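# Coordinate inspection notes
Chain by chain, the residues run as shown.
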Amino acid sequence: MTAPSGPNSATDTSNTLTAVETKVTLKIDGQEVEVASGASVLDACTAAGIETPTLCYAENLTPVNACRVCVVEQSGSRTLVPSCSRQAEDGMEIQTDSERVRHSRKMVLEFLGSGVDLSQADPLARWSEQYEADPSRYGTEAEKIEEPVRVQDELYIRDYDKCVLCYKCVEACGDDAQHTFAIAVAGRGFGARISTEFDTELPDSACVYCGNCVAVCPTNALQFKTEFDLRKADNWRADEQTVTQTVCSYCGVGCNLELHVQDETIVKVTSPNDHSVTSGHLCIKGRFGWQYVHGE
Amino acid sequence: MADLHFGDDKPNDQERAVVDQAVGQSLAESGNGPLLEKANAGPATGGPALLVESERLVLGGSTRRHERRHLLLPTLHALQKSQGWISPGGLNYACQQLQVPPAEAYGVATFYEMFRVDDPGHDEDVIHVCVDAACQISGSADKIAELKAAGKKVHASPCLGQCERPVAQFIQGRGKADWVEADSDSATAKAVPQAGDPGLRLLKRIGRADPTSIDSYVSAGGYKALTKAFERGATGVVDEVVASGLMGRGGAAFPTGIKWQAVAAEQPSGDRPPQKYVVVNADESEPGTFKDRTLMENDPFALIEATTIAGFATGATKGWIYIRGEYPLATERLNNALDQARAAGFLGADIGRSSFSFDIEVRRGAGAYICGEETALFNSLEGFRGEPRQKPPFPTTNGLFDQPTAINNPETLFNVLDIVMDGGATYAAIGTDGSNGSKLFCLSGNVVNPGVYEVDFGATLGEVLDLAGGVVGTLSSVLLGGAAGSFVGPDRLDMPLTFEGSRAAGASLGSGVIMAFNEDVEMWPVVTRIAEFFKNESCGQCVPCRIGTVRQHETLVKLGTAPGLNGSAPDALRLLDDIDLAMKDASICGLGHTAATAVRSAIDLGLVSLEHR
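Being a predicted model, the structure only gives us computed values, none of them experimental. (Residues numbered from 1 in each chain as written. Chains lettered and ligands numbered in written order. Predicted model: local features only at pLDDT ≥ 70, side-chain atom pairs only at ≥ 80, totals over all residues.)

Helices and strands together make up the secondary structure of chain A, namely 8 helices and 13 strands. For chain A, whose C-alpha radius of gyration is 21 Å, the value lies close to the compact-globule estimate of 19 Å for 296 residues. Projecting the C-alpha coordinates of chain A onto the three principal axes gives extents of approximately 65 × 55 × 40 Å. (Helix = DSSP H or I, 4+ residues; strand = E, 2+ residues; numbered from the N terminus. Rg over C-alpha atoms; globule rule 2.2 N^0.38 Å.)

The subject of this paragraph is the interface of chain A and chain B. Taken together, the contacts link 46 residues of chain A with 47 residues of chain B. No other element matches the 9 residues that helix α3 (residues 99-115) of chain A contributes to the side of chain A that touches chain B. Of the residues contributing to the side of chain A that touches chain B, the split by class is 25 nonpolar, 14 polar and 7 charged. (Contact = placed C-beta atoms within 7 Å. Nonpolar A, V, L, I, M, F, W, Y, C, P; charged D, E, K, R; others polar.)

Here we take up the domain arrangement of chain B. All names here are of chain B. For chain B, the assigned domains are domain 1 (13-109), domain 2 (126-182), domain 3 (214-428), domain 4 (438-518) and domain 5 (523-604). Summarising the inter-unit geometry, the C-alpha centres of domain 2 and domain 4 are found 25 Å apart. Taken residue by residue, the interface counts 5 residues in domain 2 and 7 residues in domain 4. Here the residues of the side of domain 2 that touches domain 4 are counted per class, giving 4 nonpolar, no polar and 1 charged. (Domains from an automatic or database assignment.)

What follows covers the domain arrangement of chain A. Residues and elements named next belong to chain A. Taken domain by domain, chain A consists of domain 1 (22-140) and domain 2 (150-294). One C-alpha centre belongs to domain 1, the other to domain 2, and the line joining them spans 26 Å. Listed as interface residues are 16 residues of domain 1 and, on the opposing side, 17 residues of domain 2. In terms of residue class, the side of domain 1 that touches domain 2 is made up of 11 nonpolar, 3 polar and 2 charged.

Residue and element names in this part refer to chain B. Of all 6 residues in strand β10 (residues 475-480), 5 are buried; the element is thus mostly enclosed. Note: β10 against strand β12 (residues 513-518), 5 bridges, orientation antiparallel. Bridge pairing in β12 links Leu 480 to Ile 514. Where β10 and strand β11 (residues 486-488) come together, 3 bridges link them in antiparallel fashion. Following the sheet pairing, Val 478 is matched in β11 by Val 488. (Buried ≥ 20, exposed ≤ 12 C-beta atoms within 10 Å, placed from the backbone. Pairing = 2+ DSSP bridges.)

Residues and elements named next belong to chain B. Strand order in the open sheet formed by 3 strands is β2-β1-β3, and the pairing between neighbours is mixed. At either margin of the open sheet sits one strand with a lone partner, and together these are β2 (153-157) and β3 (169-172). Each strand of the sheet is rotated relative to its neighbour by a mean of 25 degrees, with strand direction disregarded. Pairing geometry for strand β1 (residues 126-130) and β3, over 4 bridges, is antiparallel. From the neighbouring strand, Val 126 faces β3, where its bridge partner is Gln 172. Running over the sheet, helix α9 (residues 140-149) touches β1 and β2 and is turned about 165 degrees from β1. (Axes fitted to C-alpha atoms, helices over the stretch in contact; angles between N-to-C directions.)

Turning our attention to the environment of Leu 581 of chain B. Mapped onto the fold, Leu 581 of chain B is located in helix α24 (residues 569-586). Separated by 37 residues in the primary sequence, Leu 581 of chain B and Pro 544 of chain B place their C-alpha atoms 9.6 Å from one another.

For the rest of this paragraph, the subject is helix α16 (residues 328-343) of chain B. Residue and element names in this part refer to chain B. Relative to the 22 Å expected for 16 residues at 1.5 Å per residue, α16 spans 23 Å between its end C-alpha atoms, a close match to the ideal helical length. Every buried residue belonging to α16 is among Pro 328, Leu 329, Ala 330, Thr 331, Arg 333, Leu 334, Ala 337, Leu 338 and Ala 341, and all of these are buried. In this structure, the buried side of α16 is in contact with α11 (214-219), α14 (291-298), α15 (300-314), β5 (318-323) and β6 (359-364). Downstream of α16 by a residue or two, Gly 345 has a phi angle that is positive, lying close to 80 degrees. (Expected span 1.5 Å × (residues − 1).)

Attention now moves to the packing of α14 of chain B against α16 of chain B. Residue and element names in this part refer to chain B. α16 packs onto α14 with a crossing angle of 40 degrees between their chain directions and a minimal axis gap of 8 Å. When the interaxial angle is binned, α14 and α16 end up oblique. Pair α14 / α16 crosses with left-handed handedness. In this structure, α14 uses Arg 293, Met 296 and Glu 297 to contact α16, whose residues at the interface are Leu 329, Ala 330, Arg 333 and Leu 334. Split by residue class, the contact of α14 with α16 holds 4 nonpolar, no polar and 3 charged. (Parallel < 35°, antiparallel > 145°, perpendicular 65-115°, else oblique. Left-handed = near helix turned anticlockwise from the far one by under 90°.)

Pro 166 of chain B connects to Val 167 of chain B through a cis peptide bond whose omega is 0 degrees. Residue Pro 393 of chain B is reached from Pro 392 of chain B by a cis peptide bond, and omega for that bond is 0 degrees. With respect to the helices, strands and loops of the structure, Pro 393 of chain B is situated in the loop between α17 (374-381) and β7 (405-408). Even without a glycine there, the phi angle at Tyr 167 of chain A is positive, about 75 degrees.

So this is what it looks like as structure tokens:
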């Protein structure tokens, strides 16, 4: 049994940096693809020009491979494998559109659609159509996640009916970005929820309102209060919004901000995932401290 | 606080005391030098586990995980036992002492069946009553009603691992240890009807040696294998285990020797030598399984000796026994045996002047079937939610605390004693070509004498049922391998109970469950309950299992309760197939992979007729 080189190990990364970059070659849907050693199967699929649906994967977070919508078929493997976290190896043969792959992707999307409110999860709707997911098969009485919308402050809201439990917010709050650890998964099975300790209200929790959880949420279970209010008033018009890039003026770090503007008002702030300073993450000031722009 | 945020909830005096004790005692037992010194030097106000500010700032992430986080589970046990629940004040204090974020600790506390995070409003004992198959068909519903009518606090529980004596009960004490009423010595010995039979290998000491006395164990031939192992040398032991062809008895049937070889081959790399571990997976929770409980209750020293040999062979210096929380007697006997083994010099530094040092720590689970999955077990032991990890990497390279780990089932380890004594070749001659040695089977349900039975591989299903006195009534089916196994019909009585024989029949031996059902048993509720079991026990991490198990259960309930659905039965069957395939193909771990196996086999076998529903 050989030890797979650990992608998360600090020593491995430094070795890769100093050593000549090695390549591995694998076959994706019959097509030969060459990627850097250490790359994931998902990276290889992308390099081959194949779009792979992902939900819990984000380029700025450690893969948790929980959603299973990115599964692919690997020759010799009894089960399908999650492309986001399986390392590409020389000689691998991967199928991304086999009957088994299509079936599992369809079922994952169908399961989610049957239990979770995906109405504001745009790519999911597209994929559900592509994979012919039909959540209505489970009937109207299928158990759903039913949680009250948690509005506990003026910055962001939590609507866990929309939560697919992708763990992204937990990771962004914890080891992958903020190291605040205000939220974690609590409960088990279908009853598992993202929660503070004893469901303590956010202002009393460890939350520092960086909003990095909001930024990584793929289904709008977490959203800016501004967006929530506009949607409630049926006045959220994403198509008409402009996005302006600027640099945060609060300190000298130089975080890039993307100001989402509707009707000449900032409605939401993000940062590019590929930005060298932020990797998409911000602090409370950059994320939520823009009201002065509209001051009297 | 420098890096973690804690709430304002304060512990009461009892909570403070039990947390201090759990943390301090565990640190002392783990022999964790620097931390122990700090613990002892801690100011009186903060209890024995107070960290100094500088340490908290310096020790982040993985270091904290190694040195302190793993005490979370024992600490939560201490709070639950003392207060009957884990209160905000108690949890907050535990988190401060352990430097665990409260949200994460809450996530852990809410993961387990035996912990509650809401005030029960009473301080009585809670009786857990098993509602899984063997107990279900023996009247657990009536038992629950009866206890409730008598004013008792009752909790409907998944399989409690006492299937030979239904209806199984387990009592969670308040301010006192948990206990099982049926755990009198006679009841324990009754679990092994073959006791005393000279042909026994794994069960040979049961009923002959006193499980509470190391002298008795040694008189019965105990610790000869360890001496022999030292003679053979570490590589020699691994070679014999490889030659024996021993395969894991926990359900996956992976060759033990190959596993040990891989762990033994792990060399120090970088600036940090690997700390290797041996972990005993005694979280026996597969419905219908009670063999490991029986072994640990009646022959605990043998497990300790075999675990020590595993440590010697693989180069591990630390062993852990992760035992399911519902096994108080086995836990007590193991702890007693560990104390005696230490006192006698069979554990600790320089065992038998071999220069090999090894010690073992027992950790209690808290009620979660998933923690029998090896990587979930590691997470649980480390103080995290018992969620399985993606494999690869495998435990042999990245196991407990991310270190090389040999993880084995107790029954597997019992086999090692004879392998070391007699040699791998002698052992390999027992059984069949594809399945070496002997196997324990857990017989329950409608058999005359339920219990743990040992046979050399090769015996057929019918022969093993006969050993248990045969079936009560007319046999309709056998659940083979547990809830994760499958039902087989009476036409399979001539199936050899070997790895290859069961595979050829499209079944699996799993953990050795043989649960018989006669024609008087109404099977629909049994099958529906199996589906409900998986729904309840899914950890919730991956979508196919978290939602698939719910949809499978709903679909079955719908089929069973709505007569108007006659016409839609084909659709429902198609749906079950679709769910099954997605869970098998796309789930992270074995729980999801097997969550539909028994249900499908019952339908295929016609045990549950869909036509007249």
